[in-house]
Amino acid sequence: MNRLLPHIPLSAVMPEREEILRRMRYHSKKTVLGDQDEALLKEWITESGAISYPAGIYGLFPITGRTDTGLKIGDLPFESASLMRLLANSEQAVLMAATVGSGPADRIDTLTRENRLSDAVILDAIASEMTDHCLDHMTKVLAREWARRGYRPTAHRYSPGYGDLSITLQRAIFDLLDAGRLGIEITDTCILKPLKSVFAILGLERNVKQ
Amino acid sequence: MTYQDLLNRVKNEIIVLDGSMGVWMQQKGMPTGVCPEAWYMENPSLVEDALAQYAAAGSSVIYTPTLGANPIKLKEYNLDKDTYTINKELAALSRRAAGGRALVAGDISMTGEYVEPFGELSFEDAVKCFQAQIEGLTDGGVDLLVIETMMDIQETRAAIIAAKEICELPIWVSVSFSEDGRTLTGTDPLTALITLQNLGVDAVGANCSAGPDTMVPFIKAMKPYAKVPLIAKPNAGLPCLQDGCTLFDMDEETFASHCVDLAKVGANFIGGCCGTNPGYIRTLTQKLSGLSPVPVSGSQGCRVSSAQSTAVLDAAAGTAVIGERINPTGKKAFSQELREGRMDTLRQMALTQTRDGATLLDVNVGMGGVDEAALMRKAVCELSTLTPAPLCIDTSDPAVAEAALRIYPGRALLNSISLEPARIQEMLPIAAKYGAALILLPLDETGIPETVEQRQDLITKLYDTVSGCGYTKEDILVDGLAMAVSAEQDRARQSLITIQWVTETLGAATVIGLSNISFGLPRRGYINAAFLAMAIDHGLTAAIANPGDEMLTGVRLASDVLSMRDKGAQGYVHAFANAPAPKAAAGKEADTASRITDAILTGARDAVAELMSAALSEGMDPRSIMNDLLIPALTKVGDLFEQKVYFLPQLIRSAETMEAAFAVLRPRLAADTDETDGRKPTVVIATVQGDIHDIGKNIVALMLRNHGFTVVDLGKNVPAEVIAEEAKAHQADIVALSALMTTTMERMEEVIRVLREKGLACRVMVGGAVVTQAYADQIGADGYSADATQAVKCAQVLSN
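This is a predicted model, so every value here is computed, not measured.

Caption draft 1: Representation of the overall build of chain A. A count of helical and extended segments in chain A gives seven helices and nine strands. By the compact-globule yardstick of 17 Å for 210 residues, chain A fits well, its C-alpha radius of gyration being 18 Å. Considered along the principal axes of its C-alpha atoms, chain A spans approximately 55 × 45 × 30 Å. Taking all 210 residues of chain A together, the buried fraction comes to 51%.

This is the structure in structure tokens:
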């Protein structure tokens, strides 16, 4: 059964300042931020919180087959050697979808139209990081739910479109998770709308004592 | 043994609880995947024997094996219709096993679903679900209820309220914290304690999570503020797979030794959770025997909580600010938004005030023509997942107060209760039921008191009344009743004397609605700030004010230093040591040329147009401004970006500033242009069809415009045919294409093909997250760039 987290607390997904800066070509030892930069950052962190609605959904699916080049999750083939390696010790695959809603993407469009691209870039970085933190939060929830049973999530996760994991898999994940419940749509080219939405795959493996 | 017998023992000894049931029964043969409670019903003698073993091992309280016997969990096995029977029979079985040696606690736990405002399960459905289970447990004869392994404070509240509404049994609660010391919805141990003990539970604590050593800090954090005994029921370490079996890595002796540490930091009831069995409990009983418990302190201070944090209202810790802005009075646009059920401005107000240092947020949605209770409930749900600042529910309507307090996943402050009969008779029981802290407003049906003595009399009567409902001085703030000095000037003095009297004589916290004092006067900020300083000097605990008001914040922090609240001026120094200094009066003005260069370097996009006009009116040559000031400054910005001294927003803001400057210069430059200047290279830029990511493309377009290119931006999701037609129409020198996804970058190749088919000689450059030089080469692109600065260089090469 898929688990829906329709209202993830903002404090659970609000990124650290350094995490936001890293998305904007910031170098901790070289980059010098002025008062104006700090004030804008502070302002946009507040504003992005006000316009974001963090939410997520995840589900566990059996790994039903393995080959050298990929694996089968439920009835669906996932051709990806890197995913196969990640889930080598996993008994189940975990599919996740996360979004912060359409607020940030809409505001980025508005800012761009108003020739305020520098503000748009800051908001884009915060919203992207928040979306990733939704996945982190769900991974934490999953870890808590399964720890007592002697399981743990894999240390990493993959998202379609990265490495050898085809972006077209987003459609299968969308259907399996019924991600429309989060207000997410998927285009013909497998792009998720609103833009600050992301899918990911990880595994659930036994916590083995050596 | 009775519950009272147990309470008598708590003062002198550590009470031992039982250990695991589910994990132990799995080790005894319960198959995985079955409904545990159904299996217990099918194997009653095994379960009864297990519980009896715990009682024999020293457990003074054994838990019924009903952890998952709520209708939502049982529905997973199609057994929800048997909820009552399962709970009643397993409770009766537990009583037989206890045999009078131990009390029986009816065990309740999570449904597996998140409750609103965090999840989809409605609060009332959660309450009903738990009540169905509790009815079976009470009829089965349990001595108390224990709500355990809870990972969400709101679901915990639903279970407590469910119990309190249908029975009078003692209620214990233990929460499961992650190693980071928080539940899944972000509640820390102290916050859980404040919320739960004020809801009227009889013991609070932690269970499951990890081993007893990990649990020590959780109990330690609760103990100084616990008015009830504390429970600790840890796992036997961490679970792991060994030789095909799930085991916990801590042996009996180690487990029991760590549990001694739990007793030393204040746990009064100690048992085991996953991985423990009667052997662990026997060893635990031996280890804890003779240990004296840390007494229950009985003092939590004046504390309120949200789902994620606790706030203390204590003058000695600094003057608190209760953010006043969430109030539609006098705010037309905000009122309209609320009427339409929209929460955009409310969210912004909440986060801005939290950022500006509000200790609590006052929430008032009172206005005519709306269902205020429904609106308040919606606002409270919205705020509960948004801000960690606890809420102050501001209403005089009991129905509104109940709507807010029932759903709020923390301990709220209720603003306010007065002696007006209708108000106190209905409001007080509601506040008491949900454990809200109270603001006492010294008013009665005759109106505002005329003298200080009348105020004191009303406050005394109010306090006596609320004391009758279990309230203590720690649970209240007395309103100093700030009134407009423009009407009666002596009112300020009356408020100050009242604050001092409450502080020194009654020994309670105080609060004022600060801005009332200045009503009707000009420059109200001065009056407010002066009154705040004076009130702090008289002992004020909290002010309802705007935390974003710089003057008030400065005066408050300074007053805290001068009144010795801010020890070592640490708060003051922290607030101001690194703050930008106020702008000093300008010395010798830099010349216009330097200011133009600085404007580009610092990205002063809003000031540059004025500077350009000034430069032109001073007679500076527009071409010279462009070539000698703007372009060198922008080049320097590019260099600083490449050296990573600037980060991306700085680069873009400088580019925006350049564009704003150029907009002023453009008409003059056009007038001065002669034919020898030649045509500027034209770039047609687009995100390809199927792709809707365009922020990178927009940055490239801006940078190209900055560097003298004519840019025709076609936007995103643009078909190849359209790009080709536009390239032809604008006689493009370059077509720049962007794509972010592997599925859409293939469209770049199509664009190149269409351009060539139409015989267009323009050069093509490509970029985007997944695009590489190799891919650019493969599809026959003329250029590739990884970022905006490279894109400019690429375009310069291609256009030469």
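Caption draft 2: The overall build of chain B, seen in detail. The secondary structure content of chain B amounts to 31 helices and 25 strands. Overall, chain B is about 105 × 80 × 50 Å in size when its C-alpha atoms are taken along their principal axes. Here chain B, with 800 residues, has 54% of them falling under the buried criterion. Taking the contacts inside chain B whose residues are at least 6 apart along the sequence as the reference set, 75% of them involve residues at least 24 apart.

Caption draft 3: Broad picture of unusual backbone geometry. The step from A:K193 to A:P194 runs through a cis peptide bond, and the omega angle for that step is 0°. In this structure, A:P194 sits in the loop between β8 (192-193) and β9 (197-206). Positive phi values are uncommon outside glycine, yet B:M564 reaches one of about 70°. One can find B:M564 in the loop between α21 (550-562) and α22 (570-576). A positive phi is found at B:A569, a non-glycine position, where the angle reads about 55°. Within the secondary structure layout, B:A569 lies in the loop between α21 and α22.

Caption draft 4: Structural detail: the interface of chain B and chain A. Between chain B and chain A, the contact holds 53 residues from the first and 50 residues from the second. Elements with a minimum of two residues in the side of chain B that touches chain A: β8 (239-242), α14 (344-355), α26 (648-672), α27 (695-706) and α29 (742-757) of chain B. The element best represented in the side of chain B that touches chain A is α26(B), accounting for six residues. Among the residues forming the side of chain B that touches chain A, the class breakdown is 26 nonpolar, 19 polar and eight charged.

Caption draft 5: Focus on the nonpolar core. Grouped together as the largest cluster of nonpolar side chains are 330 residues, with contacts concentrated most on B:V204, B:I270, B:A404, B:A412, B:L438 and B:L440. Sort the elements by how many residues they give to this core and helix α6 (residues 117-147) of chain A lands first, with 16 residues. Ignoring anything within four residues of it in the chain, the contact list for B:A412 reads B:V304, B:P390, B:L391, B:C392, B:I393, B:A404, B:L405 and B:A436.

Caption draft 6: Looking closely at α27(B). Residue and element names in this part refer to chain B. Along its twelve residues, α27 runs 17 Å from first to last C-alpha, staying within 8% of the 16 Å computed at 1.5 Å per residue. For α27, a buried count of eleven out of twelve residues is recorded, marking the element as mostly surrounded by other parts of the structure. For α27, the complete set of buried residues consists of I695, G696, K697, N698, I699, V700, A701, L702, M703, L704 and N706. Phi turns positive, to about 95°, at G708, one or two residues after α27.

Caption draft 7: Here's a closer look at the domain arrangement of chain B. Here chain B is partitioned into domain 1 (3-288), domain 2 (303-560), domain 3 (592-672) and domain 4 (679-799). Measuring from the centre of the C-alpha atoms in domain 1 of chain B to the corresponding centre in domain 3 of chain B gives 68 Å.

Caption draft 8: Local environment of helix α23 (residues 592-602) of chain B. B:I596, B:A599, B:I600 and B:T602 are the residues of α23(B) that are buried. Following α23(B) by one or two positions, B:G603 adopts a phi angle in the positive range, close to 70°.

Caption draft 9: Summary view of the sheet that holds strand β19 (residues 509-513) of chain B. Residues and elements named next belong to chain B. Reading around the circumference, β13-β14-β15-β16-β17-β18-β19-β20 is the order of the eight strands in this closed barrel, with parallel pairing throughout. With strand direction ignored, the average angle separating the axes of adjacent strands in the sheet is 25°. The pairing of strand β14 (residues 360-363) with strand β15 (residues 391-394) spans three bridges and is parallel. Bridging across to β15, D362 finds its partner in C392. This element, helix α15 (residues 372-384), spans β14 and β15 of the sheet and lies at about 160° to β14.

Caption draft 10: Broad picture of the pairing of strand β18 (residues 476-479) of chain B. All names here are of chain B. Going residue by residue along β18, you find I476 and V478 tucked away on one face and L477 and D479 tucked away on the opposite face as well. Across three bridges, the pairing between strand β17 (residues 437-440) and β18 is parallel. Looking at the pairing, L440 lines up with V478 of β18. Taking the sense of rotation as the criterion, the β-α-β connection linking β17, helix α18 (residues 452-467) and β18 turns out right-handed. Inspection of the sheet shows β18 paired to β19 by three bridges, in the parallel sense. Its bridge partner lying in β19, L477 is registered against A509.

Caption draft 11: Seen up close, the packing of α27(B) against helix α31 (residues 788-799) of chain B. Residues and elements named next belong to chain B. Viewed as axis vectors pointing N to C, α27 and α31 meet at an angle of 50°, and their least axial separation amounts to 9 Å. In this view, α27 runs oblique relative to α31, as classed from their interaxial angle. By crossing handedness, the relation of α27 to α31 is classed as right-handed. In this structure, α27 contributes I699, V700, M703 and L704 to the contact, and α31 contributes A788, T789, A791, V792 and A795. Taken together, the residues of the contact of α27 with α31 break down into eight nonpolar, one polar and no charged.

Caption draft 12: Local environment of the sheet that holds strand β6 (residues 203-208) of chain B. All names here are of chain B. One open sheet accounts for eight strands, arranged β1-β10-β7-β6-β5-β4-β3-β2; its pairing is parallel. Only two strands of the sheet have a single partner each, and these edge strands are β1 (15-16) and β2 (61-63). Sheet topology places β1 next to strand β10 (residues 269-270); two bridges connect them, and they run parallel. When the sheet's bridge partners are listed, I15 is paired in β10 with F269.

Caption draft 13: Looking closely at the confidence of the model for chain B. On average, chain B scores 93 in pLDDT, and the residues at 70 or more come to 98%. The ipTM for the predicted assembly is 0.92, set against a pTM of 0.91.

Caption draft 14: Seen up close, the packing of helix α4 (residues 44-57) of chain B against helix α6 (residues 83-98) of chain B. Residues and elements named next belong to chain B. It is at 8 Å that the axes of α4 and α6 come closest, and there the two elements cross at 45°. Put simply, α4 runs oblique to α6. Of the two possible hands of crossing, α4 and α6 adopt the one that is right-handed. Packed against α4, whose contacting residues are P44, V47, E48, L51, A52 and A55, the element α6 presents L93, S94, R96, A97 and A98 at the interface. Here the residues of the contact of α4 with α6 are counted per class, giving eight nonpolar, one polar and two charged.

The rules behind the values
Residues numbered from 1 in each chain as written. Chains lettered and ligands numbered in written order. Predicted model: local features only at pLDDT ≥ 70, side-chain atom pairs only at ≥ 80, totals over all residues. Helix = DSSP H or I, 4+ residues; strand = E, 2+ residues; numbered from the N terminus. Rg over C-alpha atoms; globule rule 2.2 N^0.38 Å. Buried ≥ 20, exposed ≤ 12 C-beta atoms within 10 Å, placed from the backbone. Contact = placed C-beta atoms within 7 Å. Nonpolar A, V, L, I, M, F, W, Y, C, P; charged D, E, K, R; others polar. Core = buried A, V, L, I, M, F, W, Y, C linked by C-beta atoms within 7 Å. Expected span 1.5 Å × (residues − 1). Domains from an automatic or database assignment. Pairing = 2+ DSSP bridges. Axes fitted to C-alpha atoms, helices over the stretch in contact; angles between N-to-C directions. Right-handed = clockwise from strand over helix to strand, strands pointing away. Parallel < 35°, antiparallel > 145°, perpendicular 65-115°, else oblique. Left-handed = near helix turned anticlockwise from the far one by under 90°. pLDDT = per-residue confidence, 0-100.

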